[in-house]
Amino acid sequence: KLTTEQAFLQHQTIVADTLLATRVAYYDVLVAAQDIVVRDASVNLLAKELDEQQRRYDAGTVPRFNVLRAEVAVANARPALIRARNNHRIAKNNLAQLLGYDLPREVWENIPLQLTDTLEVAPFNIKLPAAIAQALEQRTELGALRKAEQLRKEDIVSARSGQLPSLQAYAGWGWRNSSLSTDLRDDVDGWQAGVQLNWYLFDGMATRGKIAQAKAAHEKSRVELDDTGSKVELEVRTAYSTFIQAGEVLESQKKVQEQADEALRLAKSRADAGTGTQLDVLSAETALTEARTTQVQAQYDYAVAVAKLERAIGALGNAKPR
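Moving on, we get to the overall build of the protein. Counting its secondary structure elements, the protein contains 7 helices and 2 strands. Its C-alpha atoms give the protein a radius of gyration of 36 Å, more than 25% over the compact-globule value 20 Å for 322 residues. By principal-axis analysis of the C-alpha atoms, the protein measures approximately 135 × 50 × 35 Å. Counting every position in the protein, which comprises 322 residues, the buried fraction comes to 35%. Within the protein, contacts between residues separated by at least 24 positions form 78% of all contacts whose residues are at least 6 apart in sequence.

So, on to the environment of Ser230. Position of Ser230 among the secondary structure elements: in helix α5 (residues 206-252). With 66 residues separating them along the chain, Ser230 and Val296 place their C-alpha atoms 34 Å apart.

What follows covers a nonpolar patch on the surface. A surface patch of nonpolar side chains, amounting to about 550 Å² of accessible area, comprises Trp199, Leu201, Phe202 and Met205. Examined against the element boundaries, Leu201 turns out to sit in the loop between β2 (187-198) and α5.

The next subject is the layout of surface pockets. Considered as a void within the structure, the second largest pocket measures approximately 230 Å³ in volume. Lining the second largest pocket we find 14 residues, and of these Ser42, Leu46, Ala73, Ala77 and Thr286 sit closest to its centre. The set of elements that each furnish at least two residues to the lining of the second largest pocket consists of α1 (2-58), α2 (64-99) and α7 (278-312). For the lining of the second largest pocket, the leading source of residues is α2, giving 6 residues. Within the lining of the second largest pocket, the residues separate by chemical class into 6 nonpolar, 4 polar and 4 charged.

This part covers α1. Taking 1.5 Å as the rise per residue, α1 with 57 residues should run 84 Å; its terminal C-alpha atoms sit 84 Å apart, in good agreement. Immediately downstream of α1, the backbone of Gly60 shows phi near 80°, a positive value.

Per-chain confidence: the protein averages 85 in pLDDT, with 95% of residues scoring 70 or above. Highest mean pLDDT in the protein belongs to helix α3 (residues 128-138) (93); lowest belongs to helix α6 (residues 256-273) (75).

So, on to the side chain of Thr228. By secondary structure assignment, the location of Thr228 is in helix α5. Side-chain polar atoms of Thr228 contact the backbone oxygen of Glu224, separated by 2.8 Å. Residues contacting Thr228, with those up to four places away along its chain left out, are Leu142 and Leu145.

Turning to the packing of aromatic side chains, a few remarks are in order. Applying the stated criterion across every chain yields a total of 4 aromatic pairs. Seen from their ring centres, Tyr26 and Tyr27 are 6.4 Å apart, and the 75° between their planes marks the pair as edge-to-face. With relative accessibility at 23%, the residue Tyr26 sits in the partly exposed group. Through a chain of ring-to-ring contacts, three or more aromatic side chains come together here, namely Phe124, Tyr240, Phe243 and Tyr302.

Another aspect to go through is the pattern of salt bridges. Under the counting rule described, the total for this entry stands at 13 salt bridges. A salt bridge links Arg56 to Glu52, with the nearest nitrogen and oxygen atoms 3.0 Å apart. Residue Arg56 and its partner Glu52 are located together in helix α1, separated by 4 residues, close to a single helical turn. The salt bridge involving Arg139 is made with Glu235; its shortest N-O contact spans 3.2 Å. Highlighted residues: Arg139 in the loop between α3 and α4 (140-160) and Glu235 in helix α5, separated in sequence by 96 residues.

As a further point, take the environment of Val31. If you trace the backbone, Val31 turns up in helix α1. Here the alpha-carbon distance between Val31 and Glu219, two residues 188 residues apart in the chain, equals 47 Å. When near neighbours in sequence (up to four residues on either side) are disregarded, Val31 contacts Leu119, Val296, Gln297 and Tyr300.

Rules of the game
Residues numbered from 1 in each chain as written. Predicted model: local features only at pLDDT ≥ 70, side-chain atom pairs only at ≥ 80, totals over all residues. Heavy atoms only, no water. Helix = DSSP H or I, 4+ residues; strand = E, 2+ residues; numbered from the N terminus. Rg over C-alpha atoms; globule rule 2.2 N^0.38 Å. Buried < 20%, exposed > 50% of the residue type's maximum accessible area, 1.4 Å probe, protein only. Contact = heavy atoms within 4.5 Å. Patch = residues over 30% accessible without salt bridge, like charges linked within 9 Å, V, L, I, M, F, W, Y side chains within 5 Å. Areas by Shrake-Rupley, 256 points an atom, 1.4 Å probe, with all protein chains shown as cover. Salt bridge = Lys/Arg side-chain N within 4 Å of Asp/Glu carboxyl O. 1 Å grid on protein atoms, 1.4 Å probe; cavity = no way out; pocket = protein on both sides within 12 Å on 5 of 7 lines; lining within 4 Å. Points joined across faces, edges and corners; volume = space filled by probe spheres on them. Nonpolar A, V, L, I, M, F, W, Y, C, P; charged D, E, K, R; others polar. Expected span 1.5 Å × (residues − 1). pLDDT = per-residue confidence, 0-100. Polar contact = N/O pair within 3.5 Å; in protein donor to acceptor, adjacent residues only side chain to side chain. Phe/Tyr/Trp six-rings, centres within 6.5 Å; stacked < 30°, edge-to-face > 60°.

In structure tokens form, the structure reads like this:
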């Protein structure tokens, strides 16, 4: 029974690790898709600025330098878009592999895998003491080690049995030739029953050695359980700290994109009125792209932090043995 329960807990550990890997891979696809949107918007924004500067240059209101600077800005933004598309392709391949999809060989580059979800994750509320207590109670790794400790304890009982007498009983029906006759047809048959008692009073200290070995294995299992418990607590503390950081960063980025949009609008208005420069507009466009990228990354970091914290406290793949 203990061996079966231990095997089930070990299976649940693998399930929990697979669930975490799948969730992270899923978020990788989402963040890569969002990054493409951000980078594509940045290229389009800079391309519009290039068209505006080209029209002004043709009208003779700005120097050639403005056009060249806008062209350089567009050229610098394109590699980031190319990398984002490549990251999206790689992320979809990783997710498809984790999901066990058998991809057709004719699909070379872009897997037709479209996710309809978003990176927005519901708030996850838990305090550190409760998280540690839940992890020590629900982590399947600890549960498997507890079963191993109980198994080693049973080994001590089994080893001690060598010091006790063993009693065997037997019964059955049989036949044999009579030892008092030379006629092979003269046989004796009937039921046989008996009891046999064995007690090894001295076995060369073999039983004592087995008991000492079983006790040492039991003590080792207890040490492993305590050590793993400490590692689990450290994992929970680390995951919780990362979770707090991700939440704070996400909260700090809520108004940044709106502010960056307003800053770009004001920069363009000043440039149209002649009180601003093209550099102000390009700087505002760069700041807007950075704000969008930071916000997407903050959403991704928070989603991954929640998933890893749930794994650390044993909330993923935690089922009961049947």
